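# Commentary on secondary and tertiary structure
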Amino acid sequence: MELVGHRMSYPRPHLGPVSSNPTKSGGLPFADGHACLQAWFEALGPMTGASSKSHFSGIVPVEERLPALRSLTAETAAARAAGVRVPVFDAFDAASMDLLDRLLALALLRDSFDSRSSGGLVRAQLCDAAGAAAHPQQEAVRIRLEESGTLRRLHLVQSDVDPALVKRYYRMPPAGRTALLRGETACTPAHAPVPESYPAF
């Protein structure tokens, strides 16, 4: 899967085979869907930002996080196969979301639960959560948020339309959050007036 308009590829969401014994004890890795979702929230890194000493951007590259993401993907698949319901991932699968969409959606969803949230996340925070350390990957994040992609098509992201792009906050609208938590992708967005020069969500 190639980035739109870029040569640099982003890792695919299906990151490896499902382990038949995902835990050392042979039991399920997650007791319920809430535990699974919490593990994915933790995989995004600290909400205050993860610091990388090896990359010039200061962001931990998604490539370095792939082993952990592969393991978590296998554990999630094993739990779901055993009957543990994780509605958010039902919605992800139904929408055929790729890894970047999933990480962005999870970051926006996590922020919607945070009592300390400022009403959303700026693009730098979303790049951090998605491991978009390289410039082409950061441009891919911008495109998904501002121009086209599954998150916009399904009304799972909206912004405060701040004219300064670096200060613009993005959030998951309440209707989108409700739909995801039900395992659905269809929601009725609440449209707010926006400048004519800016495409409405």
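Preceding block: the structure.
Residues numbered from 1 in each chain as written. Predicted model: local features only at pLDDT ≥ 70, side-chain atom pairs only at ≥ 80, totals over all residues. Heavy atoms only, no water.

A separate point is the side chain of Thr 73. Mapped onto the secondary structure, Thr 73 falls in helix α2 (residues 62-81). For Thr 73, a relative accessible area of 16% translates into the label buried. Within polar-contact distance, the side chain of Thr 73 engages the backbone oxygen of Leu 69 at 2.7 Å. (Helix = DSSP H or I, 4+ residues; strand = E, 2+ residues; numbered from the N terminus. Buried < 20%, exposed > 50% of the residue type's maximum accessible area, 1.4 Å probe, protein only. Polar contact = N/O pair within 3.5 Å; in protein donor to acceptor, adjacent residues only side chain to side chain.)

Before going further, it helps to spend a moment on unusual backbone geometry. Glycine aside, residues mostly have negative phi, and peptide bonds are mostly found in the trans state. A positive phi is found at Ser 96, a non-glycine position, where the angle reads about 55 degrees. By the secondary structure assignment, Ser 96 is in the loop between α3 (87-94) and α4 (99-113). Phi is positive for His 155, close to 60 degrees, though the residue is something other than glycine. Residue position: His 155 is located in the loop between α7 (150-153) and β2 (158-159). Using a relative accessible area of 23% as the deciding quantity, one classes His 155 as partly exposed.

Moving on, we come to the pattern of salt bridges. Scanning the model with the defined rule gives nine salt bridges in all. A salt bridge links Asp 90 to Arg 85; its shortest N-O distance comes to 3.7 Å. Two residues, Arg 142 and Glu 139, come together in a salt bridge whose shortest N-O distance is 2.7 Å. Here the residue Arg 142 and the residue Glu 139 both occupy positions in helix α6 (residues 135-146), the gap between them amounting to three residues, near one helical turn. (Salt bridge = Lys/Arg side-chain N within 4 Å of Asp/Glu carboxyl O.)

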